[in-house]
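Coordinate analysis (summary)
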Amino acid sequence: MAVLPLSDLHAWFLAHQRDLPWRRRRDAYAVWLSEIMLQQTRVDTVVPYFERFVARFPGFEALALADEQEVLKLWEGLGYYARARNLLAAARRIAARHNGRFPDSLDAAEALPGIARSTAGAILSAAYDRPLPVLDGNVKRVLARIMAIREDLTRPAAVRKLWETAGDLVLAAPDPDRHNQAMMELGATCCTPRAPDCATCPVATACKALDLGIQAGIPAPKKTRTIPHHHVAVAVIVEDGRTLIQQRPSEGLLGGLWEFPGGKVEPGETPAQAVVRELAEELALAVEAGDELATVKHAYSHFRITLHAFSCRRIRQPPVDSGPAASRTPDAAAVSPPPCDPSLPPAARTARWVPLEHLDDYPFPKANKKVLDRLLGR
Ligand code: SF4
């Protein structure tokens, strides 16, 4: 690699950096929070979430005392909810084991939930001036182009080379935090995935890919894969001004969030039949499905769903003709809890009858939130 003109890069950053809230306070908490929120998420989406979060929880100790449901509610809509749960777990550990101060060693930082080497580098370089590199997706792309690495960037040899180069560069920089931010900013605003703006790039003189005219092909495009599509059917049951919602298990996808009860539509089933079967199996409730209240399409990182939300009514007896699943429905005796929580039959997940005016207190995934909006006429 030709020698990178670091002073040009850093001057470019000072002149062109975006005004972002986490750049106004470079303490470990703000940097940590922004780095976690920015994973897989666009900057303009993150800004309002970041501002609300630091207003409510201004530091590690305040966050460590938080209730997980409140944290998830603040995270609602940002996706990848394991990040929020890890954030809370890490804040609690920082409060308990590090006196409320982010640890200043790389090993201790990486031992915290949800913190990998690149995030640790960003935090430690900003908060403690440690010359540790950041290697997020933007920096990987910039370095791969500068060095014209054409191979798959996930291969161990490429990963090693990228880390080594990122480490050498930050060691040579007079201000590690500024350098890391400059590299990230360059990837985010100039050396972008599809249309790198090489004419204005401060490191163009050192860029091998530009020299070879191959910058648009680096990184090598990923192989396209078929994304599975599932149909999910859920029940919206309203009784006495309350509706039934269910909490997802605390681990895994959307862990700890609330949703309308239901589940995946099985082959050979209609969505209406699926919702009847799911409520019988999951909650021992016999319902009949009425009108489809909302149909919501939503994409997750590895699959897509179409969510069919039905207005449902509880009945004493299981419906006679609701398909093969009806035979698995428990009898009516098990299906008649009053419309309040405690006597609901035992289930793998918590279910709760909630007054409509309190539904906004609960964190919902995006697709369910759209159903909620339809239910509440918004
Ligand atoms: S010259 Fe172009 S390809 Fe090379 S680092 Fe700059 S923007 Fe990226």
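If you're wondering where the values come from, they're calculated on a predicted model, not measured in any experiment. (Residues numbered from 1 in each chain as written. Predicted model: local features only at pLDDT ≥ 70, side-chain atom pairs only at ≥ 80, totals over all residues. Heavy atoms only, no water.)

1. So, the side chain of Glu-35
Locating Glu-35 in the fold gives a position in helix α3 (residues 28–38). Despite its burial, Glu-35 pairs with no opposite charge; the closest candidate is Arg-26, at 5.9 Å N-O. Not counting chain neighbours up to four residues away, the residues in contact with Glu-35 comprise Thr-119, Ala-122 and Met-184. (Helix = DSSP H or I, 4+ residues; strand = E, 2+ residues; numbered from the N terminus. Buried < 20%, exposed > 50% of the residue type's maximum accessible area, 1.4 Å probe, protein only. Lys, Arg positive; Asp, Glu negative; His and termini not counted. Salt bridge = Lys/Arg side-chain N within 4 Å of Asp/Glu carboxyl O. Contact = heavy atoms within 4.5 Å.)

2. Focus on the pattern of salt bridges
Applying the stated criterion across every chain, the model contains 19 salt bridges. Two residues, Lys-73 and Glu-76, come together in a salt bridge whose shortest N-O distance is 3.1 Å. The residue Asp-373 makes a salt bridge to Arg-378 at a minimum N-O spacing of 2.8 Å. A network of salt bridges, in which partner residues are shared, links Lys-73, Glu-76, Asp-360, Lys-369, Asp-373 and Arg-378.

3. Some thoughts on the domain arrangement of the protein
Interfaces are often sized by the amount of accessible area the parts lose when they come together. Under the domain assignment, the protein is made up of domain 1 (6–133 + 165–188) and domain 2 (229–375). Interface area, domain 1 with domain 2, both sides summed: about 950 Å², of which 46% is carbon and sulfur. Here domain 1 is connected to domain 2 by one salt bridge. Here Lys-369 ties to Glu-76 by a salt bridge, and the two come within 3.3 Å at their closest N and O atoms. Linking domain 1 with domain 2 are nine residue pairs in polar contact (both at pLDDT 80 or more). (Domains from an automatic or database assignment. Buried area = accessible area lost by both parts, 1.4 Å probe. Polar contact = N/O pair within 3.5 Å; in protein donor to acceptor, adjacent residues only side chain to side chain.)

4. Observations concerning the site of the ligand
Neighbouring residues of the ligand: Arg-145, Ile-146, Cys-191, Pro-196, Cys-198, Cys-201, Val-203, Ala-204, Cys-207, Leu-210 and Gln-215. For the shell around the ligand, the residue count by class is nine nonpolar, one polar and one charged. (Near = heavy atom within 4 Å. Nonpolar A, V, L, I, M, F, W, Y, C, P; charged D, E, K, R; others polar.)

5. Focus: the environment of Asp-291
In this fold, Asp-291 is placed in strand β5 (residues 287–299). For the pair Asp-291 and Phe-310, spaced 19 residues apart in sequence, the C-alpha to C-alpha distance is 5.7 Å. In contact with Asp-291, not counting residues within four places along its chain, are Ala-309, Phe-310 and Ser-311.

6. Observations regarding the packing of α3 against helix α4 (residues 43–56)
Pairs of packed helices are described in terms of their axes, by the angle between the two and the distance that separates them. Between α3 and α4, the shortest axis-to-axis distance is 10 Å and the interhelical angle comes to 140°. Taken as axis vectors, α3 and α4 run oblique relative to one another. Two packed elements cross with a definite hand, and for α3 against α4 that hand is right-handed. Of the residues in α4, those in contact with Tyr-29, Ala-30, Leu-33, Ser-34, Met-37 and Leu-38 of α3 are Val-43, Val-46, Tyr-49, Phe-50, Phe-53 and Val-54. Its residues assigned to classes, the contact of α3 with α4 shows 11 nonpolar, one polar and no charged. (Axes fitted to C-alpha atoms, helices over the stretch in contact; angles between N-to-C directions. Parallel < 35°, antiparallel > 145°, perpendicular 65-115°, else oblique. Left-handed = near helix turned anticlockwise from the far one by under 90°.)

7. Examining the nonpolar core
One finds Trp-32, Phe-53, Leu-63 and Phe-102 to be the most contacted residues of the largest nonpolar core, which totals 96 residues. The biggest single contributor to this core is α3, with eight residues. Residues contacting Leu-63, with those up to four places away along its chain left out, are Tyr-29, Trp-32, Phe-53, Phe-57, Val-71, Leu-87, Leu-88 and Ala-91. Listed in part, the 16 residues of the second largest apolar core include Ala-233, Ala-274, Leu-283 and Ala-351. (Core = buried A, V, L, I, M, F, W, Y, C linked by side-chain atoms within 4.5 Å.)

8. What about the pairing of strand β6 (residues 304–314)?
The element β6 is largely enclosed, with a buried count of eight among its 11 residues. Bridge count for β5 against β6 is 10 bridges, and the pairing is antiparallel. For Glu-292, the partnering residue across the bridge sits in β6 and is Phe-310. (Pairing = 2+ DSSP bridges.)

9. Description of the packing of helix α10 (residues 137–146) against helix α12 (residues 176–189)
Viewed as axis vectors pointing N to C, α10 and α12 meet at an angle of 85°, and their least axial separation amounts to 8 Å. The angle between α10 and α12 falls in the class roughly perpendicular. Of the residues in α12, those in contact with Asn-138, Val-139, Arg-141, Val-142 and Leu-143 of α10 are Met-183, Met-184, Leu-186, Gly-187 and Ala-188. Its residues assigned to classes, the contact of α10 with α12 shows seven nonpolar, two polar and one charged.

10. Let's talk about unusual backbone geometry
Cis rather than trans, the peptide bond between Ile-218 and Pro-219 has omega equal to -5°. Within the secondary structure, Pro-219 is located in the loop between α13 (208–212) and β1 (229–239). Despite not being glycine, Asp-129 has its phi angle at roughly 60°, a positive value. Within the chain, Ala-284 stands out as a residue other than glycine whose phi angle is a positive 55°.

11. Quick notes on helix α6 (residues 68–75)
Of the positions making up α6, those classed as buried are Val-71, Leu-72, Leu-74 and Trp-75. One side of α6 holds all its buried residues, which, seen down the axis, span an arc of 160°. Considering only its buried residues, α6 is in contact with α3, α4, α5 (60–64) and α7 (82–97). In this structure Asp-67 caps α6, since a side-chain oxygen of it lies 3.0 Å from the backbone nitrogen of Gln-69. One or two steps after α6, the chain reaches Gly-77, where phi turns positive at roughly 95°. (Arc of directions from axis to C-beta.)

12. Let's talk about helix α11 (residues 156–172)
End to end, α11 covers 24 Å across 17 residues, agreeing with the expected 24 Å (1.5 Å per residue, within 8%). Taken as a whole, α11 has its buried residues at Ala-158, Leu-162, Trp-163, Thr-165, Ala-166, Gly-167, Leu-169 and Val-170. In the core, the buried residues of α11 are packed alongside α1 (6–16), α9 (117–128), α10 and α12. (Expected span 1.5 Å × (residues − 1).)

13. Re the packing of aromatic side chains
Counted under the stated rule, the structure contains 10 aromatic pairs. When the centroid spacing of 5.1 Å and the interplanar angle of 80° are considered together, the rings of Trp-258 and Tyr-362 count as edge-to-face. One end of the pair, Trp-258, is in strand β3 (residues 258–259); the other, Tyr-362, is in the loop between β7 (351–355) and α15 (366–375), with 104 residues separating them in the sequence. Of the two residues examined, Trp-258 and Tyr-362, each falls in the buried class. Members of the aromatic cluster, joined through ring pairs, are Tyr-29, Trp-32, Phe-60 and Phe-102. Sitting over the ring of Tyr-49, Arg-52 keeps its end group 4.8 Å from the ring centre. Sitting above the plane of the Trp-163 ring, Arg-117 keeps its charged end 3.7 Å from the centroid. (Phe/Tyr/Trp six-rings, centres within 6.5 Å; stacked < 30°, edge-to-face > 60°. Lys NZ or Arg CZ within 6 Å of the ring centre and 35° of its normal.)

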